Amino acid sequence: LSQEGYNEPPPVILTDPVDLFIDGFHTYLRTERGLVEGTAHFYVNIARLFASERATGNGIEWANVCAKDVTNFVTRVCRGRSLSSARAVVSALRCLLRFLQLEGLTELALDHAVLSVAGSSSSLPRGISSAEVTALLEATDRQSPLGCRDYAILVLLCRLGLRGGELIGLTLDDIDWRAGEIVVAGKGGRRDRLPV
């Protein structure tokens, strides 16, 4: 019995080869790649689809995977998806194929067999002009607490180019007033020091 007075459930013991493989891949995504849980969950779903197709009675057959298998899988799974969803599938599959080679489950660098998704080329978003930034900042009511917060948010977005998620995750402890720096937690658990 635990301190709360109830029995804790026994740990789950995985026996299915696909589940065992997926568990290891998920651990890799979270610990080695530092992916957030939502992205890791999507990658795991794609990996489960691919692994299930390779499953046999004795395990998962990775040694004979070839470029044709990869291309056929991408074609099937991406059919009917939006451009961004298809690109996410391709990224997930490339990550899985790198993992397979890293783990010694295949000798081939099959991540190179995953073709890019056709569509409009992605480019950096176009910035706004200095006059537009000034007008935006001047539109905030800096006499109210809410307006001061909005002003601070806009200044951080404009000056440091933070992502929305990076901004939302900030706390007062992330600001080093004496050094004039701010610590920003980015994608993959990365932490960067930036000037305030």
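Every chain begins its residue count from 1, and numbering advances along the sequence as written. Only residues with pLDDT of at least 70 are given local features in this predicted model, and only at 80 or more are side-chain atom pairs given and counted; all residues enter the totals for whole chains, interfaces and linings. Remark: hydrogens and water are excluded; side-chain values derive from all non-hydrogen atoms of the structure.

To continue, consider the confidence of the model for the protein chain. pLDDT expresses how confident the predictor is about each individual residue, on a scale running from 0 to 100. Averaged over the protein chain, the pLDDT score is 83; the fraction of residues at 70 or greater is 87%. Each helix corresponds to a stretch of at least 4 residues labelled H or I by DSSP, and each strand to a stretch of at least 2 residues labelled E; elements are numbered beginning at the N terminus. Mean pLDDT per element in the protein chain: helix α7 (residues 164-168) is the minimum at 80, and helix α2 (residues 37-54) is the maximum at 91.

Now for the sheet that holds strand β5 (residues 191-195). Think of it this way: DSSP has to see at least two bridges between two strands before they count as a pair. The three strands are arranged β3-β4-β5 in an open sheet whose pairing can be described as antiparallel. The sheet terminates laterally at β3 (175-176) and β5, the two strands that pair on one side only. As judged from the two bridges shared by β3 and strand β4 (residues 181-185), these two strands associate in the antiparallel manner. Bridge assignment links aspartate 176 to a residue of β4, and that residue is glutamate 181.

Only rings of Phe, Tyr and Trp enter the pairing, Trp through its six-membered ring, and a pair is recorded when the two centres are within 6.5 Å. The plane angle decides the type: under 30 degrees is stacked, over 60 is edge-to-face, the rest tilted. Per the counting criterion, the structure on display carries eight aromatic pairs. Measuring from centroid to centroid gives 4.8 Å for tyrosine 28 and phenylalanine 99, while their planes differ by 40 degrees, and the two rings are tilted. Of this pair, tyrosine 28 sits in helix α1 (residues 17-31) while phenylalanine 99 sits in helix α4 (residues 83-102); the two residues are 71 residues apart in sequence, bridging distant segments of the chain. Given a relative accessible area of 14%, tyrosine 28 falls into the buried group. With a centroid separation of 4.8 Å and an interplanar angle of 75 degrees, the aromatic rings of phenylalanine 50 and phenylalanine 73 are classed as edge-to-face. Linking phenylalanine 50 in helix α2 with phenylalanine 73 in helix α3 (residues 67-78), this pair joins segments that are 23 residues apart in sequence. Here phenylalanine 73 falls in the buried class, since its relative accessible area comes to 0%. Chaining the aromatic ring pairs together yields one cluster made of Phe21, Phe25, Tyr28, Phe50, Trp62, Phe73 and Phe99. Lysine NZ or arginine CZ positioned within 6 Å of the ring centre and within 35 degrees of the ring normal marks a charge as sitting over the ring. Looking at arginine 142, its charged tip hangs above the ring of tyrosine 151, at a distance of 3.9 Å from the centre. Working definition: with a 1.4 Å probe on protein chains only, accessible area under 20% of the residue-type maximum means buried, over 50% means exposed, and in between means partly exposed.

Across the five residues that make up β5, only a small minority, zero, are buried. When β4 meets β5, the two strands line up antiparallel, connected through five bridges. Across the sheet, valine 183 pairs through a bridge with arginine 193, a residue of β5.

Here the focus is the environment of glycine 127. Structurally, glycine 127 can be placed in the loop between α4 and α5 (130-138). What makes glycine 127 exposed here is its relative accessible area of 54%. Separated by 31 residues in the primary sequence, glycine 127 and cysteine 158 have C-alpha atoms spaced 9.4 Å apart.

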